[in-house]
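An overview of the molecular structure
So you can see what is in the structure, the chains are spelled out below.
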Amino acid sequence: MKTVAPIPGRPVRGSSTGRPIMAALDLFGRRGLLRILWELRGEAPLTFRALASAAELPPGTLNVRLKELKAAGLLVTEAGYGLTPMGRDLLAALEPLVLWSEAWAKAVPPADA
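Here we summarise the structure given alongside this text. Owing to the predicted nature of the structure, the values given are computational and were not obtained by experimental measurement.

About the thresholds
Residues numbered from 1 in each chain as written. Predicted model: local features only at pLDDT ≥ 70, side-chain atom pairs only at ≥ 80, totals over all residues. Heavy atoms only, no water. 1 Å grid on protein atoms, 1.4 Å probe; cavity = no way out; pocket = protein on both sides within 12 Å on 5 of 7 lines; lining within 4 Å. Points joined across faces, edges and corners; volume = space filled by probe spheres on them. Helix = DSSP H or I, 4+ residues; strand = E, 2+ residues; numbered from the N terminus. Axes fitted to C-alpha atoms, helices over the stretch in contact; angles between N-to-C directions. Parallel < 35°, antiparallel > 145°, perpendicular 65-115°, else oblique. Contact = heavy atoms within 4.5 Å. Nonpolar A, V, L, I, M, F, W, Y, C, P; charged D, E, K, R; others polar. Phe/Tyr/Trp six-rings, centres within 6.5 Å; stacked < 30°, edge-to-face > 60°. Lys NZ or Arg CZ within 6 Å of the ring centre and 35° of its normal.

Right, let's get into the layout of surface pockets. One simple way to see leftover space: roll a probe sized like a water molecule over the atoms. Here the largest pocket defines a volume of roughly 290 Å³. Lining the largest pocket, in full, are Leu25, Phe28, Leu34, Leu37, Trp38, Arg41, Leu91, Leu94, Glu95, Leu97 and Val98. Listing elements by their share of the lining of the largest pocket, those giving two or more residues are helix H1 (20–28), helix H2 (33–39) and helix H5 (85–107). For the lining of the largest pocket, the leading source of residues is H5, giving 5 residues.

In contact at an axis separation of 10 Å, helix H3 (residues 48–55) and helix H4 (residues 59–71) are set at 110° when each is read in the N-to-C sense. Considering their axes alone, H3 and H4 lie roughly perpendicular with respect to each other. For the pair H3 and H4, contact is made by Phe48, Leu51 and Ala52 and by Pro59, Leu62, Asn63 and Leu66, respectively. When the residues that make up the contact of H3 with H4 are grouped by side-chain class, the tally is 6 nonpolar, 1 polar and no charged.

On inspection of all chains with the given rule, the structure shows 2 aromatic pairs. With a centroid separation of 5.1 Å and an interplanar angle of 20°, the aromatic rings of Trp100 and Trp104 are classed as stacked. Within this pair, Trp100 and its partner Trp104 are both found in helix H5, separated by 4 residues, close to a single helical turn. Stacked on the ring of Trp38, the Lys or Arg Arg41 has its end atom at 3.8 Å from the ring centre.

Structural measurements only, silent on function.
Structure below.
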């Protein structure tokens, strides 16, 4: 089965119009994708093996996610795997969400309470 990366303007999960935010949320919701982005946050490219180990994903799943990230214009494959400028912009755009989530974690009761 061929996997198609969510791209703005094409129907995606949850949206028949493919609005850009819906395409982005569909992409981010795929198993392991945000973890891959996190692992690629450094400047040095990573090998497939290093990325598979760090992201704790089976090779088949990682391969599909890497193809989706490349099709979405977020991944470059030169001397390993790294982020494009658009991929780096995405990490910067997610930073406010990281800060919010940390404040949220302090505001809600612990999960075991």
